[in-house]
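Residue-level listing of the chains:
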Amino acid sequence: MLDKTNLLIKCKVLYVEDDEMQRENLKIFLKRRVGKLYLAENGEEGLKLFNEQNPDIVITDLKMPVMDGIEMSKKIREKNKKSAIIITTAFSDVETVLGAMDIGIDKYILKPVDTGKLVEAMEDSALRLAGESEDNFVLDDKIISDKKEKLEYENKLQIKIAYFIKSNTGKGPKSVKAFIKGNLIEIEANDPLTIYEKKLLEQSKNKSLVNFSREAFYNDRKDEIEKIIFEILGVKCNLERVTIDFKNNRDILVISV
C-alpha cells in the first residue's frame, strides 16, 4: 500500500519558469522529490518538452516571454486532459488565473512559492492520477496497487454481499463477483432471482415489475450495503447505480469510494 507522500517518486514533472534564479532554486527542491524532472524557460519550450516527455504534472509560471503559462496550458489541454497543471503566479494576477480555470488548470500557487503548499498540490495531483488507473485502488490518501491485496478485498466483498442478498431474500445468488477499478467497485450477483420472480418473468408483461422490485431492494438497503463496504475497506462510499440485467441473469451494483 502506498500513500500520497511517496507517490511523487513515480511522477514525471515539467517545471516551466523564465526567471533563472527561481528556476534553479526550485529545481534543487523538486529533484529530491520526483521521479524525473524536466525544465523549460518559456511556454514554447515547455510545450515542446511536454509533447516529447508526456509528464504527469506541469508546474508553470504565468507570465513568460514567447508563450505564457495560460497559452501553454490551453495547448496542453487540447491534447491531454489528464496531466495535472499547477500555475505559480503573483497575487496581482490571481484574477487572470481564476478566469482561465475552465481550461483545466488544477491548482495555482502564489509567489513567492510556499514549497509546503506546492508539495501538497503535487501530492493531491499524484493521488488523483493514481486513482484514475484501474490497476490501483484509492482508499482516502492510500493507494493499493498490489494485486494480491486487492484480490483479498474483492474476496471479502463477494462473501459479505452474497450473505447480505441471501439473508434478505431467502435465496443466495449462484455467485458474486467484485471488481475494484480505480475509485469504483463493481459487484455482480449472478442468478440472484427467487423462484417467485422467475415465475413472474414467464410473462413478459411482468418484466418491469420485477425490475422495479429488484432495484428497490438494493436502493432501500443502500445504507446497509454502504456499511458492509465501510466495514471491509474502512472508507465511506456511495451506491451510485443499480442495473438489473435480465438477459444475463445478474444484478450489477456500482459503488464509488
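These numbers were taken from a predicted model, which means no experiment stands behind them.

## So, helix α9 (residues 222–233)
Note: α-helices contain 3.6 residues per turn, so residues at a spacing of three or four share the same orientation.
Okay, so step 1: Between its terminal C-alpha atoms α9 stretches 16 Å, which fits the 16 Å expected from 12 residues at 1.5 Å a residue.
Okay, so step 2: Listed as buried for α9 are I225, E226, I228, I229, I232 and L233. Taken around the axis of α9, the buried residues stretch over an arc of 150°, which confines them to a single face. Exposed residues on α9 whose side chains face more than 90 degrees from its buried face are D223, K227 and E231.
Okay, so step 3: Where α9 ends, the next residue or the one after it, G234, has phi of about 75°, a positive value.

## Some points on unusual backbone geometry
Okay, so step 1: The step from K111 to P112 runs through a cis peptide bond, and the omega angle for that step is -5°.
Okay, so step 2: Structurally, P112 can be placed in the loop between β6 (107–110) and α5 (115–131).
Okay, so step 3: In this structure, N54 is a non-glycine residue whose phi angle is positive, near 50°.
Okay, so step 4: Along the chain, the position of N54 falls in the loop between α2 (43–53) and β4 (57–61).
Okay, so step 5: In the Ramachandran plot, V66 falls in the positive-phi region, its phi being about 70° despite a non-glycine side chain.
Okay, so step 6: Note on placement: V66 falls in the loop between β4 and α3 (69–79).
Okay, so step 7: Classification of V66 as exposed rests on a relative accessible area of 61%.

## Observations regarding the pairing of β4
Okay, so step 1: In terms of residue burial, β4 counts as a mostly covered element, since 5 of its 5 residues are buried.
Okay, so step 2: Judged by which residues are buried, β4 turns out to be covered on both faces: I57, I59 and D61 on one side and V58 and T60 on the other are all buried.
Okay, so step 3: Pairing geometry for strand β2 (residues 12–16) and β4, over 4 bridges, is parallel. When the sheet's bridge partners are listed, L14 is paired in β4 with V58.
Okay, so step 4: Once the chain exits β4 it traverses α3 before rejoining the sheet at strand β5 (residues 84–89), and the crossover so formed is right-handed.

## Regarding the packing of aromatic side chains
Okay, so step 1: Under the criterion given, the structure shown has 2 aromatic pairs.
Okay, so step 2: Measuring from centroid to centroid gives 4.8 Å for F217 and Y218, while their planes differ by 70°, and the two rings are edge-to-face.
Okay, so step 3: With relative accessibility at 9%, the residue F217 sits in the buried group.
Okay, so step 4: Using a relative accessible area of 1% as the deciding quantity, one classes Y218 as buried.
Okay, so step 5: The rings of F164, F217 and Y218 are connected pair by pair, giving a single aromatic cluster.
Okay, so step 6: The cationic tip of R33 hangs over the ring face of F29; the distance from NZ or CZ to the ring centre is 3.7 Å.

## Overview of the sheet that holds strand β11 (residues 238–245)
Sheets are built from strands that pair by backbone hydrogen bonding, the pairs being arranged parallel or antiparallel.
Okay, so step 1: Strand order in this open sheet of 4 strands is β9-β10-β12-β11, and the pairing throughout is antiparallel. Both outer strands of the open sheet, β9 (175–181) and β11, are each paired with one neighbouring strand and no more. Recorded for the sheet is a direction-independent mean angle of 15° between the axes of neighbouring strands.
Okay, so step 2: Bridge analysis of β9 against strand β10 (residues 184–190) gives 7 bridges, and the strand direction is antiparallel.

## Some details on the nonpolar core
Soluble globular proteins: nonpolar side chains tend toward being buried together.
Okay, so step 1: One finds I185, I187, Y218, I225, I229, L253 and I255 to be the most contacted residues of the largest nonpolar core, which totals 29 residues.
Okay, so step 2: Among the secondary structure elements, those contributing two or more residues to this core are α6 (147–169), β9, β10, α8 (207–220), α9, β11 and β12 (250–256).
Okay, so step 3: Filtering out sequence-adjacent residues up to four positions away, I187 remains in contact with I161, V176, K177, A178, I229, D251, I252, L253 and I255.
Okay, so step 4: Counting residues in hydrophobic clusters, the runner-up holds 23 residues, among them Y15, V119, A126 and A130.

## Looking at the environment of Y15
Okay, so step 1: Looking at where Y15 falls in the secondary structure, it is placed in strand β2.
Okay, so step 2: Y15 sits in the buried class, given a relative accessible area of 2%.
Okay, so step 3: Distance from Y15 to I87, taken between C-alpha atoms, is 9.9 Å for residues 72 residues apart in sequence.
Okay, so step 4: Residues in contact with Y15, not counting those within four places in the same chain, are Q22, R23, L26, L30, L37, Y38, L39, A40 and I59.

Thresholds, definitions, all that
Residues numbered from 1 in each chain as written. Predicted model: local features only at pLDDT ≥ 70, side-chain atom pairs only at ≥ 80, totals over all residues. Heavy atoms only, no water. Helix = DSSP H or I, 4+ residues; strand = E, 2+ residues; numbered from the N terminus. Expected span 1.5 Å × (residues − 1). Buried < 20%, exposed > 50% of the residue type's maximum accessible area, 1.4 Å probe, protein only. Arc of directions from axis to C-beta. Pairing = 2+ DSSP bridges. Right-handed = clockwise from strand over helix to strand, strands pointing away. Phe/Tyr/Trp six-rings, centres within 6.5 Å; stacked < 30°, edge-to-face > 60°. Lys NZ or Arg CZ within 6 Å of the ring centre and 35° of its normal. Axes fitted to C-alpha atoms, helices over the stretch in contact; angles between N-to-C directions. Core = buried A, V, L, I, M, F, W, Y, C linked by side-chain atoms within 4.5 Å. Contact = heavy atoms within 4.5 Å.

What is shown is where atoms sit, not what they do.
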